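Listed here are the chains, written in short residue letters.
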Amino acid sequence: MATNAIDQTRRMLSLVTYLRERPGARVADVARAFGITEDELIGDLDVLPMCGTSFRGGDLLDIDTDGDRIWWHNPDASGTSTGEPLRLAADEATALLVAARAVATLPGLREGDRQALVRATAKIEAAAGEAAGASSRLSVSFESEGGVFAEVDRAISERRRLWLRYYSPARDELTEREVDPIRLFAVGRTYMEAWCRLTEARRTFRLDRVAEIRLLDAPADPPPVELRDLSEALVQPAAEDPEVVIEVGPGGRWVAEYYPHDSAEELPEGGLRITLRAPDPASLRRLALRLGRDGRIVSPQELADSARDAAREALAGYGE
């Protein structure tokens, strides 16, 4: 089942309590208890050391693993064992209140979550006292990606279909489509993996390229798909994707390191013949333009011709 950002946050909060009660717990046992893979658990453990009662020394969670067992070296950092109330410094209270008010304005946030956030904010204001005054003079507004994220997150949670206007840089055009969202993830930027009803295939959408989004009443019903392992690369071509052959010189050997490929055959004078697969071969036209004299698309012939035409048009533009 796909995991969204809110589900992951809830899991990590539960993970803190679970690990406190089980010093030296085995990675395999914890992953099984939470119904996730060991790699997903390790990803959570990489984030937990950035959490704590404050960002001051000693207050962050000191949790690590040797790959077999999980060790928490300062369980008192969470403050639950000392009985001492949590005290926020003025800067911490201000940052927390400003962020909470900003999140409460996000479009697409579920009403129950919004009301819970408003109540929590009121409690923090009361506890912070005079320190809360500075936060009322500050405000934060999110870029459009924040609203898109909230809509996608809500669609995943409520299992509803989305309508998008999406910019495709490969074609330099906006397209309209309906999608059944599967999951949100981040690899440098934030992406949505979804079943696209326009192409009837799984597609990955970058949130900052969504020009417009709308939550539909229709239920999302993506076919069962195996979630891709994103630890190696974002682009994970499938065996049924069209084959593309590219020849590069010494200056283009980086393509074999950056793009997943089926084979890379050495050519004379330090070149490579690279065979790869792409769900949308036309997207590789930009790669051909970037390579310039350091590479060319060999096949399919239609794509090779298209890349040459694009190169001629680019050169003609410089000559005007």
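None of the values given here were measured: they were computed from a predicted structure. Here the residue index of a chain counts from 1 through its sequence in written order. Selection of residues for local features in this predicted model requires a pLDDT of at least 70, selection of side-chain atom pairs for listing and counting requires 80 or more, and totals for whole chains, interfaces and linings are taken over all residues. Remark: hydrogens and water are excluded; side-chain values derive from all non-hydrogen atoms of the structure.

### Some details on the overall build of the protein
- Under the DSSP-based scheme used, a helix requires at least four consecutive residues in state H or I and a strand at least two consecutive residues in state E, with every element numbered from the N terminus. Helix and strand counts for the protein come out as nine helices and 11 strands.
- Contact definition: two residues touch when any of their heavy atoms are within 4.5 Å. Within the protein, contacts between residues at least 6 apart in sequence are counted, and of these 57% link residues at least 24 apart.
- To measure how exposed things are, a 1.4 Å probe is used in the Shrake-Rupley method; for residues, cover is taken only from the protein chains shown. As presented, the protein carries roughly 18,900 Å² of accessible surface, and 51% of it is formed by carbon and sulfur atoms.

### A short note on the sheet that holds strand β10 (residues 271-277)
- Read from one edge of the open sheet, four strands run β9-β10-β8-β11, paired in antiparallel fashion. Across the chains shown, the open sheet's two edge strands, defined by having one partner strand only, are β9 (263-267) and β11 (295-299). Each strand axis lies, on average, 25 degrees off the axis of its neighbour in the sheet, ignoring direction.
- Only strands that DSSP links by at least two bridges are regarded as paired with each other. Pairing analysis gives four bridges linking strand β8 (residues 243-248) to β11, with the strands arranged antiparallel. By the bridge assignment, V248 is partnered in β11 with G295. Lines fitted to C-alpha atoms define the axes here, with helix axes fitted over just the stretch in contact, and angles between the N-to-C directions of these axes take values from 0 to 180 degrees.

### Here's the deal with the packing of aromatic side chains
- Any pair of Phe, Tyr and Trp rings, taking the six-membered ring for Trp, is counted once the centres come within 6.5 Å. Such a pair is stacked with planes under 30 degrees apart, edge-to-face with planes over 60 apart, and tilted for the rest. Within this structure, the stated rule accounts for two aromatic pairs.
- For the ring pair Y18 and F34, a centre distance of 5.2 Å and an interplane angle of 75 degrees mean the geometry is edge-to-face. Here the residue Y18 occupies a position in helix α1 (residues 5-20), and F34 occupies one in helix α2 (residues 27-34), the gap between them amounting to 16 residues.
- What makes Y18 buried here is its relative accessible area of 18%.
- The ring of W72 is capped by R20, whose NZ or CZ atom sits 5.2 Å from the centre of that ring.
- Directly above the aromatic system of W163 lies the positively charged group of R214, at a separation of 4.2 Å from the ring centroid. The buried label applies to any residue whose accessible area, calculated with a 1.4 Å probe on protein chains only, is under 20% of its type's maximum; exposed applies above 50%, and partly exposed to all values in between. Two limits define a charge over a ring: the Lys NZ or Arg CZ must be within 6 Å of the ring centre, and within 35 degrees of the ring normal.

### Comments concerning the confidence of the model for the protein
- As a per-residue measure, pLDDT reflects the predictor's confidence and takes values from 0 up to 100. Overall, the predicted model of the protein reaches an average pLDDT of 76, with 72% of residues at or above 70.
- Put simply, helix α4 (residues 90-104) is where the protein has its lowest mean pLDDT, 72, and strand β7 (residues 210-219) is where it has its highest, 91.

### Things to note about the environment of L60
- For L60, the location among the structural elements is in the loop between α3 (38-47) and β1 (63-65).
- Among the residues examined, L60 registers a relative accessible area of 27% and is labelled partly exposed.

### Concerning α2
- Taken residue by residue, α2 has V27, V30 and A31 as its buried positions. Buried residues of α2 fall within an arc of 100 degrees about the axis and therefore sit on the same side. Exposed positions of α2 whose direction lies more than 90 degrees from the buried face are R32 and A33.
- Directly beyond the C-terminal end of α2, a positive phi value near 70 degrees is found at G35. Each C-beta atom gives one direction from the helix axis, and the arc is the one those directions make.

### Points about α3
- The set of residues buried in α3 consists of L41, D44 and L45. Each buried residue of α3 lies within a common arc of 100 degrees when the element is viewed along its axis, so the set occupies one face. α3 presents D39 and D46 as exposed residues on the side facing more than 90 degrees away from its buried surface.

### A few points about the pairing of β10
- Within β10, five of the seven residues are buried, leaving the element largely enclosed by the surrounding structure.
- Bridge count between β8 and β10: six bridges; the pairing is antiparallel. Each bridged residue has a counterpart across the sheet, and for E247 the counterpart in β10 is R273.
- Relative to β10, β9 is paired through five bridges, and the arrangement is antiparallel. What sits directly across from L267, in β10, is G271.

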